[in-house]
2 protein chains.
Amino acid sequence: MIRESAVSITSEANERVKGWKKLASQPRQIRRERLCLAEGLHIAMSARDASYPVNALILRDGEASPEAEALVREITGAARRSGRRPPRLYLLAPAVYESIAPVEKGCGLMMELPLPPEPAADALRGLDALFLDGVQDPGNAGTLIRTAVASGVRVIAASPGTVELWSPKVLRSAMGAHFGAHILENVKASELALRFAGRRIAADARGGRDLYDTKGWESGPVVWLMGAEGPGLSQQALAAAELRLYIPIEPATESLNVAAAAAVCLFEQRRRRRFGADGARRG
Amino acid sequence: MIRESAVSITSEANERVKGWKKLASQPRQIRRERLCLAEGLHIAMSARDASYPVNALILRDGEASPEAEALVREITGAARRSGRRPPRLYLLAPAVYESIAPVEKGCGLMMELPLPPEPAADALRGLDALFLDGVQDPGNAGTLIRTAVASGVRVIAASPGTVELWSPKVLRSAMGAHFGAHILENVKASELALRFAGRRIAADARGGRDLYDTKGWESGPVVWLMGAEGPGLSQQALAAAELRLYIPIEPATESLNVAAAAAVCLFEQRRRRRFGADGARRG
């Protein structure tokens, strides 16, 4: 029934395929079109569970996994039942599919998704946020989004030098956390004070105060500033911070990966808000 | 002076190149030969700082960065000064170098390193440890080693299903943390009780007790069991654990990446040991 209305594509010269190829390889195109491509079973399950609108389902014709086929039916059925327009289904010849797919030998299912509407300037002002300052590795960026949302921090703001957060590899690594996040891109560190009411805290391996030994930073909303691997936070980000905290790692050992550092800071915030810095359970 | 004694290699048919290629691509070869290949400036700096023995320095001839050339001089000089045999220097034609290199367009410097001697069975018995149960992603495995060592946990044990921890990608992602770790491979979950005295705690998103709400687990050494992405801990690993702890993430959000989960657990252990579960500073 679904396959009857599917569109088969066998040529890379197809205009739609050319458009997807741009979404897969050109981050600017994602922002210009406000569309993205997401590959994989897990993110398709997350889109289904979040009832996220799906423009198109793209299957590797004859070589998609049974789970991928089942998800196509479920996402299409759920859209119909809730009165939304069901996604178009495209069956791509395997070579055409692989010319777009962000990972080799994936499950054979991609989705074209609209980016969510940009939130009103003031809607997120009072919330916790995570600011990514020049994080270029897509795996790290995706893990950061996933960790932040799991810790209860749902606003992710990214500097102009950060990887495109709706690019296929970031989507893949975040495992569906995008659907529970508010993602703001192209935000400068100097704008954070205007956009957010929270206390701006730099996680900085090079100095500042001890994360655990410093009291009170978790009261009220916090905007965490996290820097890239290697260079760490930029001068602009450090200048925008009201407080610098470091994680007290073992002396003479390597610094932490930025995603690991974020996990430590954001879950220390979560722990303190549940139990207080003194360990007494709250609420 | 160093270049005068260098060996130039221009053919992939060279026997030494064939050996390195095996080390780069065949995990079994690493264990058989007890040799590994590490690529990149950062790990070379770590080897220099740790005075780790280096068998060979391998440069991309004419296309190595100035930093790589400087490190060759420093590592060679340091070995001479401390009376160790200096590493042999090999200059590989760029195409030959790229045929081995684990990353494209790297800095042009690789090292051949001996694996450290295996520690005596009982030497590590009373220490904290991290057990990796089927972690196959090399980036995650490397980050896990880096995070563990930074948290003060220096023993890393890996199940037979875990990626080879001395493979080039794991070495790269751990950023030199290998040199501060004791790495044990091919360890079964069922052997942990014999090999380690510590309390065996499973980090398990599917159940158990609240990491923060459970008291006392940090007293005495701990052996943390962490599972792979997706499947989580195996039945064998769960059966070997004395306690299961979960990280209380925000309801209805994605689970954490294994490396993020380890960061949360291992630094909660570190925090408690410094301050106590009640928040009072110790020592």
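Residues numbered from 1 in each chain as written. Chains lettered and ligands numbered in written order. Predicted model: local features only at pLDDT ≥ 70, side-chain atom pairs only at ≥ 80, totals over all residues. Heavy atoms only, no water.

*Asks:* Mind showing me how you'd approach the overall build of chain A here?
*Replies:* From N to C terminus, chain A includes 10 helices and 12 strands. The C-alpha atoms of chain A give a radius of gyration of 21 Å, which matches the 19 Å a tight globule of 283 residues would have. For chain A, the C-alpha atoms occupy an extent of roughly 65 × 40 × 35 Å along the three principal directions. Each of the 283 residues in chain A was classed as buried or not, and the buried ones make up 55%. Looking at chain A alone, contacts between residues at least 24 apart form 78% of all its contacts between residues at least 6 apart. Accessible surface, chain A as shown: approximately 12100 Å² in total, 50% of it carbon and sulfur. (Helix = DSSP H or I, 4+ residues; strand = E, 2+ residues; numbered from the N terminus. Rg over C-alpha atoms; globule rule 2.2 N^0.38 Å. Buried < 20%, exposed > 50% of the residue type's maximum accessible area, 1.4 Å probe, protein only. Contact = heavy atoms within 4.5 Å. Areas by Shrake-Rupley, 256 points an atom, 1.4 Å probe, with all protein chains shown as cover.)

*Asks:* Please clarify how the packing of aromatic side chains should be interpreted in this entry.
*Replies:* Given two aromatic rings, their pairing is described by the distance between the two centres and the angle made by the two planes. Residue and element names in this part refer to chain A. Evaluation of the coordinates by the stated rule reveals eight aromatic pairs over all chains. Considering the side-chain rings of Trp20 and Tyr90, the 5.1 Å spacing of their centres and the 80° angle between planes classify their relative orientation as edge-to-face. With a gap of 70 residues between them, Trp20 in helix α1 (residues 15-25) and Tyr90 in strand β4 (residues 88-92) connect regions that are remote in the sequence. For the residue pair Trp20 and Tyr90, the accessibility class agrees, reading buried in each case. (Phe/Tyr/Trp six-rings, centres within 6.5 Å; stacked < 30°, edge-to-face > 60°.)

*Asks:* When you look at the UniProt feature "domain: tRNA/rRNA methyltransferase SpoU type" (unreviewed entry) in chain A in this model, what are you seeing that I'm missing?
*Replies:* Per the UniProt record, "domain: tRNA/rRNA methyltransferase SpoU type" (unreviewed entry) is annotated on residues 130-267 of chain A. For residues 130-267 of chain A, helix accounts for 30% and strand for 20%, while the C-alpha atoms at its two ends are 13 Å apart. (UniProt positions renumbered as here; feature names shortened; annotations may be inferred.)

*Asks:* How should I be thinking about the interface of chain B and chain A in this particular structure?
*Replies:* Every contact between the two is made by 38 residues of chain B and, on the other side, 38 residues of chain A. Taking both partners together, chain B and chain A bury about 3100 Å²; carbon and sulfur atoms supply 51% of that area. Where chain B meets chain A, there are six salt bridges. Counting across the interface, chain B meets chain A through 16 residue pairs in polar contact (both at pLDDT 80 or more). Contributions of two or more residues to the side of chain B that touches chain A are made by α3 (41-49), α6 (138-151) and α10 (258-275) of chain B. Here the side of chain B that touches chain A takes nine residues from α10(B), the largest share from any one element. In terms of residue class, the side of chain B that touches chain A is built from 16 nonpolar, nine polar and 13 charged. (Buried area = accessible area lost by both parts, 1.4 Å probe. Salt bridge = Lys/Arg side-chain N within 4 Å of Asp/Glu carboxyl O. Polar contact = N/O pair within 3.5 Å; in protein donor to acceptor, adjacent residues only side chain to side chain. Nonpolar A, V, L, I, M, F, W, Y, C, P; charged D, E, K, R; others polar.)

*Asks:* It is not clear to me how the sheet that holds strand β1 (residues 7-9) of chain A should be interpreted in this structure. Could you clarify?
*Replies:* Pairing between the strands of a sheet comes from backbone hydrogen bonds, and it takes one of two forms, parallel or antiparallel. Residue and element names in this part refer to chain A. Spatial ordering of the open sheet is given by β1-β4-β3-β5-β2, a layout of five strands whose pairing is mixed. Looking along the sheet, the strands with just one partner apiece sit at the ends: β1 and β2 (35-39). Ignoring which end each strand starts from, the neighbouring axes of this sheet average 25° apart. Where strand β3 (residues 56-60) and β4 come together, five bridges link them in parallel fashion. (Pairing = 2+ DSSP bridges. Axes fitted to C-alpha atoms, helices over the stretch in contact; angles between N-to-C directions.)

*Asks:* I keep staring at the environment of B:Gly126 and nothing clicks. Help me out?
*Replies:* Tracing the chain through its elements places B:Gly126 in the loop between β5 (109-114) and β6 (129-133). Between the C-alpha atoms of B:Gly126 and B:Phe196, which are 70 residues apart in sequence, the distance is 6.3 Å.

*Asks:* Please explain the UniProt feature "domain: MRM3-like substrate binding" (unreviewed entry) in chain A as it appears in this structure.
*Replies:* Per the UniProt entry, the sites bearing "domain: MRM3-like substrate binding" (unreviewed entry) are residues 14-73 of chain A in this numbering. Segment residues 14-73 of chain A splits into 58% helix and 17% strand. End C-alpha atoms: 25 Å apart.

*Asks:* Can you help me understand the relation of the copies chain B and chain A in this one?
*Replies:* What relates the pair of chain copies is a rotation about an axis plus a shift along that axis. At an RMSD of 0.0 Å, chain B and chain A line up after a rotation of 180° and a shift of 0.0 Å along the axis. The transformation relating the two chain copies, once decomposed into turn and shift, fits a two-fold axis. (Least-squares fit on C-alpha atoms with pLDDT ≥ 70 in both.)

*Asks:* Would you take a moment to explain the sheet that holds β6(B) for this structure?
*Replies:* Residue and element names in this part refer to chain B. Pairing is parallel in the open sheet, where seven strands are placed in the order β8-β7-β6-β11-β9-β12-β10. Two strands bound the open sheet, and with one partner strand each, they are β8 (182-184) and β10 (209-210). Pairing between β10 and strand β12 (residues 243-246): two bridges, direction parallel. From the neighbouring strand, Asp210 faces β12, where its bridge partner is Tyr246. In the packing of α6 onto the sheet, the strands contacted are β6, β7 (155-158) and β8, and the crossing angle to β6 comes to about 165°.

*Asks:* Help me understand helix α1 (residues 15-25) of chain B, please; the structure alone is not making it clear to me.
*Replies:* In an α-helix, one turn spans 3.6 residues; hence positions three or four apart end up facing the same way. Residues and elements named next belong to chain B. Those residues of α1 not exposed but buried are Val17, Trp20 and Leu23. Seen end-on, α1 carries its buried residues on one side only, within an arc spanning 115°. In α1, those exposed residues whose orientation departs by more than 90 degrees from the buried face are Glu15 and Ser25. Between the side-chain oxygen of the N-cap and the backbone nitrogen of Arg16 there are 2.7 Å, and the N-cap of α1 in question is Asn14. (Arc of directions from axis to C-beta.)

*Asks:* Teacher, can you tell me more about the pairing of strand β12 (residues 243-246) of chain A here?
*Replies:* One face of the sheet, then the other: side chains in a regular strand alternate in exactly this way. All names here are of chain A. Burial of the side chains of β12 is restricted to one face: Leu243 and Leu245 are buried, whereas none of Arg244 and Tyr246 on the reverse face is. Examined bridge by bridge, strand β9 (residues 199-203) and β12 share three bridges and lie parallel to one another. Residue Ala202 lies in a different strand from β12, and its bridge partner there is Arg244.

*Asks:* I'm lost on the packing of helix α3 (residues 41-49) of chain A against helix α4 (residues 66-81) of chain A in this one. Help?
*Replies:* Angle between the axes and distance between the axes: these two values describe a pair of packed helices. All names here are of chain A. At a closest axis distance of 10 Å, the pairing of α3 and α4 adopts a crossing angle of 20°. Here α3 is positioned roughly parallel relative to α4, judged by the angle of their axes. α4 is crossed by α3, and the crossing has left-handed handedness. Only Glu67, Ala68, Leu71, Glu74 and Ile75 of α4 make contact with α3, whose side of the interface consists of Leu41, Ala44, Met45 and Arg48. (Parallel < 35°, antiparallel > 145°, perpendicular 65-115°, else oblique. Left-handed = near helix turned anticlockwise from the far one by under 90°.)

*Asks:* Honestly, the packing of α6(B) against α10(B) in this entry has me stumped. Any pointers?
*Replies:* Residue and element names in this part refer to chain B. It is the contact of α6 with α10, at a shortest axis distance of 9 Å, that shows an interaxial angle of 10°. The orientation of α6 relative to α10 falls into the category roughly parallel. Residues Asn140, Thr143, Leu144, Thr147, Ala148, Ala150 and Ser151 of α6 form the contact with α10, whose participating residues are Val258, Ala259, Ala262, Ala263, Leu266, Phe267 and Arg270. Residue classes in the contact of α6 with α10 are distributed as nine nonpolar, four polar and one charged.

*Asks:* Would you take a moment to explain the environment of B:Leu92 for this structure?
*Replies:* Residues and elements named next belong to chain B. Turning to its location among the elements, Leu92 is positioned in strand β4 (residues 88-92). The buried category is assigned to Leu92, whose relative accessible area is 0%. The sequence separation of Leu92 and Glu63 amounts to 29 residues, and the corresponding C-alpha distance is 9.8 Å. Among all residues touching Leu92, those that are not within four sequence positions of it are Ile9, Val17, Trp20, Ile58, Leu59, Arg60, Asp61, Tyr97 and Ile100.

*Asks:* Would you take a moment to explain the confidence of the model for chain A for this structure?
*Replies:* Residues shown with low pLDDT carry predicted positions that ought not to be read at fine detail. The share of residues in chain A with pLDDT of 70 or more is 96%, and the mean pLDDT across the chain is 92. Taking the mean pLDDT of every element in chain A, the minimum, 92, falls on α4(A) and the maximum, 98, on strand β6 (residues 129-133) of chain A. (pLDDT = per-residue confidence, 0-100.)

*Asks:* What am I meant to see in the nonpolar core here?
*Replies:* One recurring pattern in soluble globular proteins is that nonpolar side chains are buried together. In this structure, A:Trp20, A:Trp224, B:Trp20 and B:Trp224 are the most contacted members of the largest nonpolar core, which totals 167 residues. When sequence neighbours within four positions are dropped, the list of residues in contact with A:Trp224 reads A:Ala129, A:Leu130, A:Phe131, A:Ile201, A:Ala203, A:Leu211, A:Trp217, A:Leu245, A:Cys265, A:Leu266 and A:Gln269. (Core = buried A, V, L, I, M, F, W, Y, C linked by side-chain atoms within 4.5 Å.)

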